[in-house]
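These are the residues of each chain, in order.
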Amino acid sequence: LAFVWPSESSVSNSEQNDGKGGVYTVHFDGQGRIKDYKQRLGGTTRNCAGGIMPWGSWVSCEEYAGGQCWQVDPKGYRSPARTRLVESHGGNFESVAVDDSDPKNICFFTTEDHEYGALRRFCPSPAYVNRGWDMLHNDGRLDYLEILDGGRFTWTSSLSRGRETANDYFPYSEGVDYHNGKLYLVVKKIKALLVLDLARRTYRKESTASGLMNGGEFYNDPDQAISFGDYLYLTEDGGRSPGVYSRETSTGNYYTIFEPWDQGRFENDETSGLAFSPDNKHMYCMMQRRGYFMDFTRKDGQPFHGGTMMLKYHSMHKPGTVFSEGDVE
């Protein structure tokens, strides 16, 4: 899984077993030429996804029974350190999101890819709020999402209740992201997206496989999520043509960004490492199992958050054609 850093670095997790995982960085100059390649974290296991922090570090999540979440400095000025985002006994952790809309009440959310994978919320103690890196390694409150009747939810200090509600409502959660007061939780097992209004403590659930406005097929497991402008971008794991899709936050409509079609070459692959360039004019992602890295731009040269994206689907099932792509105009 790769993530292109919004500076001059690219951060990549290594999802290897038995302590052979880690985090690596590729460094670029101002013209995009590679300058260096460094390992920033080693000795970890199945580093899956994670999350970018507002101060420029990366949190890498281990996805195995004793997994932890590690804070990593892409430039190597600080040594990597285990965070307090999750319990010391560990778990199959996946992704991290940050709600920093209130500087006095910053909270971090961590998903666990397990049928009883509770959603964690860690809020640093007031003494450590706005301390950047140090917030993740000092005292704070750790609690868990609990779904209530009537489209409501609360936070509980009981891990067992958090696990029960995960099994009932969001087993095997994957991606998570925060945007404009909403927390978006991707649930691959039931192919759903939970949208939580954090202020009102209400939520709604919608199917990610319910249909696309511009053609294509998003029928398999939704995976990672990243908000950008008025769109929530989603990756896909498995199926004939795992692609990248978007959900327009103002309407709730789903669109195809791209799907790979090449005579079964990418069947049951997984799109990952979704990210945008510093100038927001490039969208990057990977085909994880085949090892392809892709770079997308808008035809009009505009940044991905600028103007209206008129997403049109063009089916291209001809021999030798690599992609069935959603042109971004």
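Residues numbered from 1 in each chain as written. Predicted model: local features only at pLDDT ≥ 70, side-chain atom pairs only at ≥ 80, totals over all residues. Heavy atoms only, no water.

J.: For this particular structure, what's the right way to read the state of the cysteines?
T.: Linking two cysteines covalently through their sulfur atoms gives a disulfide. According to the stated counting rule, one finds 1 disulfide in the structure shown. For C48, which is in no disulfide, the shortest distance to another cysteine sulfur is to C61 and amounts to 8.2 Å. Its relative accessible area of 9% is what places C48 among the buried residues. Just so you know, C61 is unpaired, no disulfide at all, and the nearest cysteine sulfur is the one on C69, 3.6 Å from it. Classification of C61 as buried rests on a relative accessible area of 0%. (Disulfide = S-S within 2.5 Å. Buried < 20%, exposed > 50% of the residue type's maximum accessible area, 1.4 Å probe, protein only.)

J.: Before we go on, may I ask you to explain the confidence of the model for the protein chain in this structure?
T.: The predicted structure's coordinates, where accompanied by low pLDDT, should not be read in detail. Residues at a pLDDT of 70 or more form 88% of the protein chain, whose mean pLDDT is 86. Segment residues 312-329: pLDDT under 50, and 61 contacts once partners within four positions in sequence are set aside and those in other chains are kept. (pLDDT = per-residue confidence, 0-100. Contact = heavy atoms within 4.5 Å.)

J.: Explain the pattern of salt bridges to me, please; I cannot follow it from the model alone.
T.: Proximity of charged atoms lets side chains of opposite charge pair with each other. Tallied over the full model, the rule gives 19 salt bridges. When the shortest N-O distance is used, the salt bridge between D36 and K38 registers 3.8 Å. (Salt bridge = Lys/Arg side-chain N within 4 Å of Asp/Glu carboxyl O.)

J.: Looking at this structure, I do not really get the environment of W58. What am I missing?
T.: Here W58 lies in strand 6 (residues 58-62). Separated by 11 residues in sequence, W58 and C69 have C-alpha atoms that sit 10.0 Å apart. (Helix = DSSP H or I, 4+ residues; strand = E, 2+ residues; numbered from the N terminus.)

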